[in-house]
Every structure is written in C-alpha cells, then in structure tokens.
Amino acid sequence: MGELLVLDGVCKGFWRGRSWLGVLKDVGLEIERGQVVGVISQRLGGKTTLLEIAAGMQRPDAGTVTLAGRPLESARQPGLRGWWAARRERATAPKLGHDLVWVTRDGPRQELEVSKYVGWPLAVHGRSDVRTLAAAALERVGAQDCISRQWGELSNWQRLLVGLARGFAGTPQLVIIDDLLDGHTSQDTDVASDLLHSLVEESEPRCGVLLSAGYFDSAVVLADEVWEVSGGKLTRASGPPDADEDHDEDLDDVIVNFPTAEKRGSRGTGYA
Amino acid sequence: MSTTKVGETSQKILCLGFVIQHEDTAQGVDRRMKRRFSSERFTRGIAHKSLPSLAEDGFLELVEEGTAQPLDRYRATPKGEELFYEWLRQTELPPTVRDATQCKLEFYEMAELPEAIESLGEQQEAFGVATDIAHERLQEEKRARRERRRRGLPTDWRLELRIAKAKDAVKLGGMLTKRLKELRADLQQILDAYNIEIGEVAGG
C-alpha cells in the first residue's frame, strides 16, 4: 500500500529542573495506508508525546516526520530555508483537521454539541455542509441519536463512537486516536476494533490510523501492529508494558545526554 | 496398555478430538493438527502412531482400509467419545501446570545463573515471535469476520470461537513474554548483588 506516515530519528525531551528528560530517543516508525498501528507505554511513558509529534502538534527536537511524502509543519522555521521557500511549503504541508485528524478521550468542553465537535475538522477547512457530513459520519458509527446532545451528556461508549465519527467525517489520510478506545470491556473493545477497521477499509483514499492504548490486551485487539515506548525507545511490543510502580524513578532512568546542537543540526530538525 | 489419560493435554487426545469432529485418516488428522495447533509444535506425524494405537485401545474403529496405513479411515467409538468429552469438560486446575522454568529455579546454583539468564532471554524472544504470530492470526480471523458481515453472510460461531482462541493465545503469549522478562531481571539482580560476595567467600 506504500508508506503513509514516516517518523525517522525523532527525539523529544523536556527540562525537568536542571535535568534534561529524554522522552523519545531516536524513534522511527512507519505506517502504511490501511494499517492500524498501536502504541503502548506505562503512564506518562511518552506515547501521547509521540502521537502529538506525529500529528504536528509538537515539534521534535531532532528527526523528521512526513505524511504521504510531505514534511509536517514545514513552514514553522522560515529562517532556515528562506521565507519564500517556507511560504511555498506551507501550501503543501499536511494540515491538522484535513490531512490528519486528532481524536482524544478527553474530547471538547462539556457543553459543546456533538454535531459541532464532529464537524469541526471540516469547518476549519471551509466546508459549508458540516452538519450534513457530521450526521452522515455519526450514522456510519451508529451514533446518529447523539447529534444534538452535548459532549458532557454522553456515556463512555457514546464518546468512543462520536470520537470515531469525528476521525472519519472528512477524508483524512491519517487518524490519530489518543486513549479513546481504552477502558472498555473485552467485548466492547472487540466491537470498537471492528468498527475502526471497517472505517479504515471503507475510507477512500485509504487512510491509516495511529492510536495509543494503556493496555497490551486491548492494543492487540485494536491494532495490526503494536509498539511500545519504554525508556524513550520504541520497540515492537510482545507483552504488557513494564509496571508503573515508581514513576519518578522511571523518569530518572530516561534522563539522557541529549544530542548536542551540532548533532541535531546534522540530523536536521524535521521542520526544514 | 493405554497411555491416554483424562488429566493431560496429550497429542493423542487431540487426535481423538479431530476424529470425533469427523471421520478421518492419519494423514488428514496430521494436516488439521498442523493447521489448528501451529504454535504448539506437536510432534510431526503424531497421528500416524496415535490413530492405530487409539483403535487398539478401543477408542477408534477402522471404517475403511486405505491403500497405505496413513490412508486408513477411522471413526470414534462410544468409549472414545466418552473419554474425549470427559477430558473436554474437566476443569483445568493450577496443579496440572508443570512449568519447566519453575522446576529449574529450584535447582539453580550461582554458577548456573548467567547461562540461565541467557536461556531465559532466548525463550523470551521465542515467545515474542509466537505472540506476534498469534496477533497476526487474530487480525486475520477478525478480517474474515468483517468480510462476512460486509457480504451479508450470517455470523459463524466457529469463526467466533477461533477469534476467542486467537485472542487468548496472544494475551497468553504477551503474559509469558513479560513474565520471562521480569524473571530475567530478578535473576540478574541476584547475580549482581551476590556474585561478588560469593566469589570472595570462595576465594577465601
């Protein structure tokens, strides 16, 4: 099917007091069209950071992120390539809400109407038939009854359906789902998995999905491939993530000598 | 003398189960065994020995003689069905788990620990591969179910059972992989903490 999302040599860290905390260290990941890829980690282990970088919501400190061959957010550092080059790239750069859609378990503010939440990614990119498209998306997942309700009134299961409707309302290339599909019974996870895969299989052009899950058991049901972020590294998961017994100690473990500016320069910033 | 017992998952009892599902030859049972229990890695050609032996014990009977022994066709006798269903309905209780690693832990000396850790690492890797295979099978079966729904075909309980089996296999594989990883870490910790101390004692 061909590579859709490619993360190459991605590094991300944060200052924690006077220490540098390397959350992602030289992470590489490829997602093909039609593929559902899951990422697991212990709590605060870096999976959401990885998803946010894949969505272009956070910039990596090093490495590159491309969607369908186009670098993400390429116009954010005009100084490096010149203003004109940046302007030219801005037009072709993948756009959040259009080329890729972000869906999270937290959802919007409680009083927002479902039709607006589902239709938002379409509305920001100038679609006028937003309510009709939102209604069609909700119908596809069997949540048409929720269209006029507020997010705060929905059950967990309804939120899951509405989240999926939002993800697939338009024609995104990549849908990124953070924690939305977690915390359900094994049977409900199975149903959610079938629904998600059906939406992917019916998408035209065929999209891909990157999702995060807290549990190995649900991730293997939901995704074709499951990866684990542990100690800042991304590896294929073949079991539940390590226990989350002493979080502070775990964080100290991933404090690393982060790449120097010189090294970062040689790898490229990912936002050329 | 019969060696077929109720309280164990012998390859023989699985052969018996396949013949109860439908009459078959040793060649056919072996093929089904390989397909349905690929990750269990049962002895190849086990049905060639098991079917005549089961017939000798009165659990199977010969229906039709083939041109060669592997092509002899068998069916289950009431005695065979009774044994099989007793096995199928029996509750599996913890004491029946005979885990080799658990047994070996009883006998390790400090000198054996480095090799034990290495061996656990190899096992962990092998379980990881088995988990990946089970995961692929789960997704394949689920894809088949979606395809049935898409074509408007009725649901198939056998397919549902295969999905449940694959889901269980991947969870089991994941659990065992994690268990080996943690056991390795525990042994490494013991080795790091006590190896020097023991070396000093041994060296006087």
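Residues numbered from 1 in each chain as written. Chains lettered and ligands numbered in written order. Predicted model: local features only at pLDDT ≥ 70, side-chain atom pairs only at ≥ 80, totals over all residues. Heavy atoms only, no water.

**Q** What is the right way to look at the interface of chain B and chain A in this model?
**A** Note: interface size is frequently given as the accessible area lost on complex formation between the parts. Contact residues are listed per partner, giving 22 residues for chain B and 25 residues for chain A. Between chain B and chain A, a total of about 1,800 Å² is buried, with carbon and sulfur atoms accounting for 42% of that surface. The tally of links from chain B across to chain A stands at ten salt bridges. Here Arg149 of chain B ties to Asp194 of chain A by a salt bridge, and the two come within 3.2 Å at their closest N and O atoms. One can count 16 residue pairs in polar contact (both at pLDDT 80 or more) joining chain B with chain A. Of all the secondary structure elements, the ones that give two or more residues to the side of chain B that touches chain A are helix H6 (113-150) and helix H7 (157-203) of chain B. By residue number, the principal contributor to the side of chain B that touches chain A is H6 of chain B, which donates twelve residues. Classifying every residue of the side of chain B that touches chain A by side-chain character gives four nonpolar, seven polar and eleven charged. (Contact = heavy atoms within 4.5 Å. Buried area = accessible area lost by both parts, 1.4 Å probe. Salt bridge = Lys/Arg side-chain N within 4 Å of Asp/Glu carboxyl O. Polar contact = N/O pair within 3.5 Å; in protein donor to acceptor, adjacent residues only side chain to side chain. Helix = DSSP H or I, 4+ residues; strand = E, 2+ residues; numbered from the N terminus. Nonpolar A, V, L, I, M, F, W, Y, C, P; charged D, E, K, R; others polar.)

**Q** Would you mind showing me how to read unusual backbone geometry here?
**A** It is generally the case that most residues other than glycine have a negative phi and that most peptide bonds are trans. Residue and element names in this part refer to chain A. In this structure, the amide linkage connecting Glu204 to the following residue, Pro205, adopts the cis form with an omega of 0°. Note on placement: Pro205 falls in the loop between helix H7 (186-202) and strand E8 (208-213). One non-glycine residue, Asp26, lies in positive phi territory at about 55°. Position of Asp26 among the secondary structure elements: in strand E2 (residues 19-32).

**Q** Help me understand the packing of aromatic side chains in this model?
**A** Given two aromatic rings, their pairing is described by the distance between the two centres and the angle made by the two planes. Scanning the entire structure with this criterion turns up five aromatic pairs over all chains. Where Trp15 of chain A meets Trp20 of chain A, the ring centres are 4.9 Å apart and the plane angle is 75°; that geometry is what we call edge-to-face. Taking relative accessible area as the criterion, Trp15 of chain A reaches 61% and is therefore assigned exposed. Look at Phe84 of chain B and Tyr85 of chain B: their rings are 5.4 Å apart centre to centre, the planes differ by 80°, and that puts the pair in the edge-to-face class. Residue class for Tyr85 of chain B comes out partly exposed when judged on its relative accessible area of 29%. Of the aromatic side chains, those joined through ring pairs into one cluster are Phe84, Tyr85 and Trp87 of chain B. (Phe/Tyr/Trp six-rings, centres within 6.5 Å; stacked < 30°, edge-to-face > 60°. Buried < 20%, exposed > 50% of the residue type's maximum accessible area, 1.4 Å probe, protein only.)

**Q** Can you walk me through the side chain of Gln173 of chain A in this structure?
**A** Locating Gln173 of chain A in the fold gives a position in the loop between helix H6 (156-167) and strand E7 (174-178). In this structure Gln173 of chain A touches Leu4, Arg33, Leu67, Ala68, Arg70, Asp99, Cys207 and Gly208 of chain A, once residues within four positions along its chain are discounted.

**Q** When you look at the pattern of salt bridges in this model, what are you seeing that I'm missing?
**A** Pairing of side chains with opposite charge becomes possible as their charged atoms draw close. With the rule as written, the count across this model stands at 23 salt bridges over all chains. Linking Glu111 of chain A and Arg109 of chain A is a salt bridge whose minimum nitrogen-to-oxygen distance equals 3.3 Å. The shortest N-O distance in the salt bridge between Arg32 of chain B and Asp24 of chain B comes to 2.8 Å. The pair Arg32 of chain B / Asp24 of chain B is uniform in exposure class, with both members buried. Residues joined in a network through salt bridges with shared partners are Asp190, Asp194 and Glu201 of chain A together with Lys142, Arg145, Arg146, Glu147, Arg149, Arg150, Arg151, Glu160 and Lys167 of chain B.

**Q** Is there a simple way to explain the nonpolar core in this structure?
**A** For soluble globular proteins, the rule of thumb is that nonpolar side chains tend to be buried together. All names here are of chain A. In terms of nonpolar packing, the biggest core is built from 53 residues, with Leu164 and Leu181 touching the most fellow members. Discounting chain neighbours no more than four positions away, the residues touching Leu164 are Val141, Ile177, Leu180, Leu181, Leu195, Leu196 and Leu199. Membership of the second largest hydrophobic core comes to 28 residues, among which are Leu4, Val37, Ile53 and Ala54. (Core = buried A, V, L, I, M, F, W, Y, C linked by side-chain atoms within 4.5 Å.)

**Q** Would you explain helix H4 (residues 114-123) of chain A in this entry?
**A** Every α-helix carries 3.6 residues per turn, so stepping three or four residues along brings you back to the same face. Residues and elements named next belong to chain A. Extensive coverage of H4 is indicated by the burial of seven of its ten residues. Within the sequence span of H4, burial applies to Val114, Ser115, Tyr117, Val118, Gly119, Pro121 and Leu122. Buried-residue contacts for H4 involve strand E6 (100-104), helix H5 (130-140) and H6.

**Q** How should helix H2 (residues 26-36) of chain B be read in this particular structure?
**A** For H2 of chain B, the set of buried residues is Ala26, Gly28, Val29, Asp30, Arg32 and Met33 of chain B. Its buried side turned inward, H2 of chain B meets helix H1 (11-21), strand E1 (24-25) and helix H3 (46-56) of chain B.

**Q** Looking at this model, I keep getting lost on the sheet that holds strand E1 (residues 3-16) of chain A. Mind explaining?
**A** Where strands meet in a sheet, backbone hydrogen bonds hold them as pairs that are either parallel or antiparallel. All names here are of chain A. As summarised here, the arrangement of the four strands in space is E2-E1-E4-E5, forming an open sheet in which the pairing is antiparallel. The open sheet is flanked by E2 and strand E5 (70-71), the only strands paired with a single partner. Here ten bridges tie E1 to E2, and the two strands are oriented antiparallel to one another. The residue of E2 that forms the bridge with Lys12 is Leu24. Along the sheet, helix H1 (residues 47-54) makes contact with E1, E2 and strand E4 (62-67), crossing E1 at roughly 125°. (Pairing = 2+ DSSP bridges. Axes fitted to C-alpha atoms, helices over the stretch in contact; angles between N-to-C directions.)

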